[in-house]
Amino acid sequence: MTNNNYKLRFTPIVLVIASSFAVAGPDLIFTNGDIITVSDEQHRVEAIAIKDGKIHAIGSNADVLKYQTDTTQIRDLHGKTVTPGFIDAHGHFAQYIPLIESEFLYPTPMGSINSIDDIKQTIQRYFAQPELDDSIMHVAFGYDDAELTEKRHPTKQELDAFTQGYNFCAVHISGHLASCNSNGLAFIGFSDDTPNPNGGVIRRDANGEMTGVLEESAIYPILGHLPAITEEDAIRKFSKVQDMFASYGVTTAQEGLATLPTIKIMKNMAENELLKIDMLAYAKWVDLAAAIEILPMKATINGFTLAGVKLVGDGSPQGKTAYLSSPYYEPPHSHAYDYHGYPVLTQKEMNQWVDIAYQANAQILSHSNGDASADILLNAVEKADSKYGKEDRRTVVIHAQTTRLDQVKRMKQNDMIPSFFPAHTYFWGDYHRDSVLGPWRASNISPMGWANSVELPFTIHMDAPVLFPDMMTNMWSAVNRVTRSGDTLGEHHRISAYQALESITKIAAYQNFEEQEKGTIEVGKRADLVILDRNPLEVVPQDIKDVRVLETIKDGKTIYQNESI
């Protein structure tokens, strides 16, 4: 089912821009393509003309070639598929900057870390490098206790045995937990006497000694103790991250929890015209006032926009820190049978921050994995709407993993947009079914079918760097909902390939208030395009993940080309 219950307001602009192009020919014309405009499910064209970074004309080869002049470049697509540029509806672009040259500890299929011994071998090689700085924090990212043979987090004692006295923390794939060695814990200021921070847990054993595992806000000091990087290093790493996103067809990315240093770095990159793709930053809630001093809300500099504020309502379902209304199927570590997670922001705090966001005219993205956390957000939005009146705010519920049907209906009533994370069905679906949520609740994670039943528009995302920003895997997960073991988890929530494509283009642009200029291939819109080796709407659904990005085009210019093909 296609979401059509939102207003697209680009028609007048199209008419004005189209008429202004009448006197000049295009810079580039693509012909003989299988071009999916995403303006309508059945709409396909053969050719696109581009001028000054915008779509000049679309249609048949004959119709579009009428605009050709002596200076127009003609490119034959030879039947290749073209879609609008992919939009990262939720992710953390800037979190890759300190990680892009570090060790990744992903399990298969993204990596090869499937046991604590695998972690040991990888980290031993890392610390065997000459001239490593022993005065800084060293971080690796991506281990997953659910996929480790031991089915648990590594302890500080295990990490101590192979980290050679360096300060070290391994960050969990969810980004909501970490395991640190003894030096790492001391480096960030933690001891056995350190109290749990608000909204976080320092795990301890029966004797009150830290195990090394940190939850939620307890990991924040790790981020605060990462080494400073030079401007040269920042530019090099920033460029690598952009290239990686572009290789997946992403032309608009998001930093979904932007701290003040992050906003400053990204603004500096934009001012120096180093952006290849567009960036939207959502300031961390406690930094909102200071962020607006750096860049006014919703202002844009060379493709970088301070778009709103990010709130964090709870934690991670696979980390068993999401805030649920009923207990976990199997409670973690030492918790009692009735454990159901905990909020990061209480109802009072959420009310306060939603109110502040409304006053600042900041779009809200709120991380709400658990349904109890979603209730807190919904209550706060309804309270603020009753105070300030309803406007077109497009509040986004990030992940919305365990959202109930009654909450989906409330989101519809409140003009909110869930951004689902359907890749959970593959990467953690078996774990959710057998340990986290139990069979029924697990079958209803990322409830896209319920959203469709009430015509609630939604987007889908990969939450990079939790998973790489691989939009074909993103689509594949939403269409198939298969687990690692091959089971279908929640068949009633599967969506069509076309709707999956809409969710990373047309509706993602709408979520970002950019539907007038992005998300579809239409005259007057920006020429953000992806060229694919096959049509993801026509391949066997199981093969969608194998469709390859051949080229990524931003504002009419190629920013990535697959050299291996």
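Because the structure is predicted, anything quoted here is derived from the model rather than measured. (Residues numbered from 1 in each chain as written. Predicted model: local features only at pLDDT ≥ 70, side-chain atom pairs only at ≥ 80, totals over all residues. Heavy atoms only, no water.)

## Details of the sheet that holds strand β4 (residues 47-51)
Each strand in a sheet pairs with its neighbour through backbone hydrogen bonds, running either in the same direction (parallel) or in the opposite one (antiparallel). In spatial order, the strands read β5-β4-β1-β6; together these 4 strands make up an open sheet with mixed pairing. Edge positions in the open sheet fall to β5 (54-59) and β6 (73-76), since each of these has one partner strand only. Across the sheet, the mean angle separating the axes of adjacent strands is 20° when strand polarity is ignored. Note that strand β1 (residues 28-31) and β6 share 4 bridges and pair parallel. Paired with Ile29 across the two strands is Ile74, which belongs to β6. (Pairing = 2+ DSSP bridges. Helix = DSSP H or I, 4+ residues; strand = E, 2+ residues; numbered from the N terminus. Axes fitted to C-alpha atoms, helices over the stretch in contact; angles between N-to-C directions.)

## Describing the nonpolar core
Judged by nonpolar contacts, the single largest core of 128 residues is most densely connected at Leu214 and Phe245. Sorting elements by how many residues they give to this core places helix α11 (residues 371-388) first, with 7 residues. Beyond its immediate sequence surroundings of up to four residues, Phe245 is in contact with Asp88, Phe93, Tyr96, Val250, Ala253, Ile277, Ala464 and Pro469. (Core = buried A, V, L, I, M, F, W, Y, C linked by side-chain atoms within 4.5 Å. Buried < 20%, exposed > 50% of the residue type's maximum accessible area, 1.4 Å probe, protein only. Contact = heavy atoms within 4.5 Å.)

## Some thoughts on the UniProt feature "domain: Amidohydrolase" (unreviewed entry) in the chain
Per the UniProt annotation, the sites labelled "domain: Amidohydrolase" (unreviewed entry) are residues 73-560. The span residues 73-560 shows a helical share of 31% and a strand share of 20%, and its end C-alpha atoms are spaced 19 Å apart. (UniProt positions renumbered as here; feature names shortened; annotations may be inferred.)

## Details of the state of the cysteines
Under the criterion given, the structure shown has 1 disulfide. Between the sulfur atoms of Cys169 and its disulfide mate Cys180 the distance is 2.1 Å. Here the S-S torsion is close to 105°, and the disulfide linking Cys169 with Cys180 is therefore right-handed. Taken together, the residues span a long stretch of sequence, with Cys169 in strand β10 (residues 167-172) and Cys180 in strand β11 (residues 177-180) at a distance of 11 residues. For the pair Cys169 and Cys180, a shared accessibility class is recorded, and that class is buried. (Disulfide = S-S within 2.5 Å.)

## Things to note about the sheet that holds strand β22 (residues 529-532)
Spatial strand order, β3-β2-β7-β22-β23-β24: 6 strands in an open sheet with mixed pairing. This sheet does not close on itself; its edge strands, each paired only once, are β3 (44-45) and β24 (557-561). Bridge count for strand β7 (residues 81-84) against β22 is 4 bridges, and the pairing is antiparallel. Each residue of the ladder has a partner; that of Pro84, found in β22, is Leu529.

## Focus on the environment of Pro221
Along the chain, Pro221 turns up in helix α6 (residues 220-224). When its relative accessible area of 22% is taken as the criterion, Pro221 is described as partly exposed. The sequence separation of Pro221 and Gly370 amounts to 149 residues, and the corresponding C-alpha distance is 24 Å. Non-local contacts of Pro221, meaning those with residues more than four positions away in its chain, are made with Ile188 and Phe190.

## Some remarks on the domain arrangement of the chain
According to the domain assignment, the chain consists of domain 1 (28-79), domain 2 (101-224) and domain 3 (231-561). Computed over C-alpha atoms, the centres of domain 2 and domain 3 are 26 Å apart. Taken together, the contact between domain 2 and domain 3 spans 23 residues of the former and 25 residues of the latter. Here domain 2 packs against domain 3, burying approximately 2,100 Å² in sum over the two surfaces, 59% of which is carbon and sulfur. When the buried area of domain 2 at its contact with domain 3 is split by residue, Glu101, Met110 and Tyr220 rank highest and sum to 25% of it. At the boundary of domain 2 and domain 3, one finds 3 salt bridges. (Domains from an automatic or database assignment. Buried area = accessible area lost by both parts, 1.4 Å probe. Salt bridge = Lys/Arg side-chain N within 4 Å of Asp/Glu carboxyl O.)

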